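Listed here are the chains, written in short residue letters.
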Amino acid sequence: MIADDPAVRAGAEQSGAARALARGALGAARAAGHRLLDLVLPPVCCVCERPLAADIGLCMPCWSRLTLIERPYCERLGTPLAYDIGPGALSAAAIAEP
C-alpha cells in the first residue's frame with residue numbers, strides 16, 4: 001500500500017514540518033506588521049482619541065461613562081423601546097423586515 005511506503009510517510013512528515021514552519025513565519029510577519037502599524041498609526045480611544053496601550057477601542061474613563069442598553073429593547077435588533085410590552089418584544093423595524 002502507498003500509506004505503508006516509508007518514502008511517502010517521510011514526504012508527508014516533511015510537508016507537515018514545512019507547513020508548521022510557514023505558519024510560524026506568517027505569525028511572526030503578522031506580529032511585525034501590527035507593531036509597524038502601531039508606530040505609524042498608534043492606537044487611540046475612538047471617543048476621546050487618548051493614546052492607548054493596545055488597540056482595544058475605548059480608554060478607561062470613556063468605558064466607565066458608557067451606558068449599556070437596558071430592557072425594554074427589541075429582541076431581534078437590540079434597539080431600545082419607549083416602554084415595556086413584555087417578553088419577546090419586537091420593534092416596528094423588526095416586524096416590517098422579518
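Rules used throughout
Residues numbered from 1 in each chain as written. Predicted model: local features only at pLDDT ≥ 70, side-chain atom pairs only at ≥ 80, totals over all residues. Heavy atoms only, no water. Helix = DSSP H or I, 4+ residues; strand = E, 2+ residues; numbered from the N terminus. Contact = heavy atoms within 4.5 Å. Areas by Shrake-Rupley, 256 points an atom, 1.4 Å probe, with all protein chains shown as cover. Buried < 20%, exposed > 50% of the residue type's maximum accessible area, 1.4 Å probe, protein only. Patch = residues over 30% accessible without salt bridge, like charges linked within 9 Å, V, L, I, M, F, W, Y side chains within 5 Å. Salt bridge = Lys/Arg side-chain N within 4 Å of Asp/Glu carboxyl O. Core = buried A, V, L, I, M, F, W, Y, C linked by side-chain atoms within 4.5 Å. pLDDT = per-residue confidence, 0-100. Disulfide = S-S within 2.5 Å.

## Notes on the overall build of the protein chain
Then, in step 1: Within the protein chain, the regular secondary structure consists of 3 helices and 0 strands.
Then, in step 2: Across the protein chain, helices and strands are ordered from the amino to the carboxyl terminus as α-α-α.
Then, in step 3: Taking as baseline every contact in the protein chain between residues at least 6 positions apart, the subset at least 24 positions apart corresponds to 0%.
Then, in step 4: Per element, the accessible surface of the protein chain, about 8100 Å² overall, is 64% carbon and sulfur.

## Quick word on the side chain of Ser91
Then, in step 1: Here Ser91 shows up in the loop between helix H2 (60-65) and helix H3 (92-96).
Then, in step 2: By relative accessible area, Ser91 is classed as buried at 8%.
Then, in step 3: Residues in contact with Ser91, not counting those within four places in the same chain, are Cys74, Leu77, Thr79 and Leu81.

## Considering a nonpolar patch on the surface
Then, in step 1: Together, Leu36, Leu37, Leu39, Val40 and Leu41 make up an exposed nonpolar region whose accessible area comes to about 560 Å².
Then, in step 2: A residue is classified by how much of its surface remains accessible, and Leu37, at 45% relative accessible area, is partly exposed.

## Here's the deal with the nonpolar core
Then, in step 1: Judged by nonpolar contacts, Cys45, Leu52, Leu58, Cys59 and Cys62 together constitute the single largest core of 5 residues.
Then, in step 2: With sequence-adjacent residues up to four places away left out, Cys45 is seen in contact with Arg50, Leu52, Gly57, Leu58, Cys59 and Cys62.

## Describing the pattern of salt bridges
Then, in step 1: Under the criterion given, the structure shown has 1 salt bridge.
Then, in step 2: Across the pair Glu75 and Arg71 runs a salt bridge whose closest N-O atoms are separated by 2.6 Å.

## Side note on the environment of Cys46
Then, in step 1: In this structure, Cys46 sits in the loop between helix H1 (6-40) and H2.
Then, in step 2: Measuring from C-alpha to C-alpha, the distance between Cys46 and Gly57 comes to 5.7 Å, with 11 residues separating the pair along the chain.
Then, in step 3: Not counting chain neighbours up to four residues away, the residues in contact with Cys46 comprise Gly57 and Leu58.

## Focus on unusual backbone geometry
As a rule of thumb, non-glycine residues mostly have phi less than zero, and peptide bonds are mostly trans rather than cis.
Then, in step 1: Backbone torsion omega between Arg71 and Pro72 reads 10°, so that peptide bond is classified as cis.
Then, in step 2: Mapped onto the elements, Pro72 comes out in the loop between H2 and H3.

## A short note on the confidence of the model for the protein chain
Then, in step 1: For the protein chain, per-residue confidence averages 81 on the pLDDT scale, and residues scoring 70 or more make up 85% of the total.
Then, in step 2: Confidence, read as mean pLDDT per element, is least for H1 in the protein chain (73) and greatest for H2 (93).

## Focus: the state of the cysteines
Then, in step 1: If you walk through the whole model with that rule in mind, you get 0 disulfides.
Then, in step 2: We note that Cys59 lacks a disulfide partner, and the nearest cysteine sulfur, in Cys62, lies 3.5 Å from it.
Then, in step 3: Relative accessible area serves as the criterion here: at 6%, Cys59 is assigned to the buried category.

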